[in-house]
Amino acid sequence: MEMIKVAVAGPRGRMGREAVALVHQTEHFQLVAVIDRANDGKDLAEVDGFSGIHAPIYTDIERCFQEAKPDVLIDLTTPEAGKRHTEIALHYGVRPVVGTTGFTQEEIEQLTKLAEEREIGAIIAPNFAVGAILMMKFAQMAAKYFTDVEIIELHHDQKLDAPSGTAVKTAQLISAVRPSKKQGHPDEKETLEGARGAEYDGIPIHSVRLPGFVAHQEVIFGGNGQALTIRHDSFHRGSFMSGVKLSVETVMKLQTLVYGLEHIIE
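Predicted, not measured: the structure shown is a model, and the values here were computed from it. (Residues numbered from 1 in each chain as written. Predicted model: local features only at pLDDT ≥ 70, side-chain atom pairs only at ≥ 80, totals over all residues. Heavy atoms only, no water.)

Time to look at the pairing of strand 7 (residues 148–155). A regular strand places its side chains on the two faces of the sheet in alternate fashion. Looking at chain direction, strand 7 and strand 10 (residues 215–223) are connected through eight bridges and run antiparallel. Across the sheet, the residue bridging to Glu153 is Gln217, located in strand 10. Taken together, the five bridges between strand 7 and strand 9 (residues 203–209) define a ladder with parallel strand orientation. Paired with Ile151 across the two strands is Ile205, which belongs to strand 9. (Pairing = 2+ DSSP bridges. Helix = DSSP H or I, 4+ residues; strand = E, 2+ residues; numbered from the N terminus.)

Attention shifts here to the packing of aromatic side chains. Aromatic ring pairs are reported here in terms of the distance separating the ring centres and the angle at which the planes meet. A complete count under the given rule lists two aromatic pairs for this structure. Between Phe65 and Tyr92 the ring centres are 5.9 Å apart and the planes differ by 55°, which places this aromatic pair in the tilted class. Linking Phe65 in helix 2 (residues 61–68) with Tyr92 in the loop between helix 3 (79–91) and strand 5 (95–98), this pair joins segments that are 27 residues apart in sequence. Given the relative accessible area of 32%, Tyr92 is considered partly exposed. Each ring, one from Phe146 and one from Phe221, has its centre 6.1 Å from the other, and the planes form 50°; the classification is tilted. Residue Phe146 is found in the loop between helix 5 (130–143) and strand 7, and its partner Phe221 is found in strand 10; the two are separated by 75 residues along the sequence. Look at Phe146 and you get buried, because its relative accessible area is 14%. (Phe/Tyr/Trp six-rings, centres within 6.5 Å; stacked < 30°, edge-to-face > 60°. Buried < 20%, exposed > 50% of the residue type's maximum accessible area, 1.4 Å probe, protein only.)

In this section: the sheet that holds strand 9. The strand order across the open sheet built from five strands is 8-9-7-10-11, with neighbouring strands paired in mixed fashion. Every other strand in the sheet has two partners, leaving strand 8 (198–200) and strand 11 (226–234) as the edge strands with one partner each. Direction aside, the axes of adjacent strands within the sheet are offset by 20° on average. (Axes fitted to C-alpha atoms, helices over the stretch in contact; angles between N-to-C directions.)

In this section: the pattern of salt bridges. Overall, the coordinates contain 14 salt bridges when judged by the stated rule. Among the salt bridges present, the one from Arg63 reaches Asp40, with a minimum N-O distance of 3.1 Å. With Arg63 in helix 2 and Asp40 in the loop between strand 2 (29–35) and strand 3 (57–58), the pair connects residues that are 23 residues apart, well separated along the chain. Salt bridges sharing common partners tie together Asp40, Arg63 and Glu67. (Salt bridge = Lys/Arg side-chain N within 4 Å of Asp/Glu carboxyl O.)

A few words on a nonpolar patch on the surface. The grouping of Val130, Leu134, Phe138 and Met141 at the surface amounts to a nonpolar patch, some 340 Å² of accessible area in total. According to the relative accessible area criterion, Phe138 is partly exposed, its value standing at 42%. (Patch = residues over 30% accessible without salt bridge, like charges linked within 9 Å, V, L, I, M, F, W, Y side chains within 5 Å. Areas by Shrake-Rupley, 256 points an atom, 1.4 Å probe, with all protein chains shown as cover.)

With the exception of glycine, the majority of residues adopt a negative phi angle, and the majority of peptide bonds are in the trans configuration. Cis geometry is adopted by the peptide bond preceding Pro163, which originates at Ala162 and carries an omega value of 0°. Within the secondary structure, Pro163 is located in the loop between strand 7 and helix 6 (165–175). Within the chain, Asn39 stands out as a residue other than glycine whose phi angle is a positive 65°. Structurally, the position occupied by Asn39 is in the loop between strand 2 and strand 3. One non-glycine residue, Asp201, lies in the positive phi region at around 50°. Residue class for Asp201 comes out partly exposed when judged on its relative accessible area of 30%.

This next bit is on the side chain of His232. Structurally, His232 is set in strand 11. The exposure class of His232 is buried, given its relative accessible area of 15%. At 3.4 Å, the side chain of His232 forms a polar contact with the backbone nitrogen of Ala132. Ignoring anything within four residues of it in the chain, the contact list for His232 reads Ala129, Gly131, Ala132, Met135, Ala215, His216 and Gln217. (Polar contact = N/O pair within 3.5 Å; in protein donor to acceptor, adjacent residues only side chain to side chain. Contact = heavy atoms within 4.5 Å.)

Looking at helix 2, one finds that the buried residues are Ile61, Cys64, Phe65 and Ala68. In an axial view of helix 2, the angular spread of the buried residues amounts to 100°, which keeps them on one side of the axis. Next to the buried residues of helix 2 lie strand 1 (4–9), strand 2, strand 3, strand 4 (72–75) and helix 3. Measuring from the side-chain oxygen of the N-cap residue of helix 2 to the backbone nitrogen of Glu62 gives 2.9 Å; that N-cap residue is Asp60. Of the residues trailing helix 2, Lys69 is marked for its positive phi of about 50°. (Arc of directions from axis to C-beta.)

And the structure:
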């Protein structure tokens, strides 16, 4: 298999460390650079926790692309940085694989247009865990038969966005096959504002933020005399790396932007 040159943004973050390890351990991946807010000009092996893993560190992403010339950028940073990095990567002909959530539909459309103009691939995925993608697919299947549904997503207390991108993506997939409806009693009232959660096309979404969690989601369907719960749990951030690996390999073959890993999983 042809070698793929990879740059990783945010190597010292929890997800970034997993991504660096993935690239380092994959035979046909080559770690050519990392993008960090500190340690500019150093070798990654000089930073605590990266002994034996060599790559130049850049704080300037454009200089990184100009000098290291990666094929792919893995970005698992923050929504603000992820959006900026994605656009810059596309301008430089670098294929972004982005796990940062918070992109609006308008931003997705703009980046898709840019990717197609440049004739290169891009993948933005709210969740890289294969089990989470299957959970979303199963929920969409169930929504054809159960129209009453609520989503509960649970994450660590350092997560910046709520609801999660996975929860929103799940609601979008369900909405595509489910008639829009207002659930619950027509005269229902919240005695405490927000008690019924956020809402997407009539689907309540509840966000839990607590220490000890990583990434978890339940999709609960209710019907006449029965209920169906579809749940996925990520207990460790390594659970996302199989999807990242698949995305790096797949993005090399694309000439457009793909939003959601479900579009590249058979």
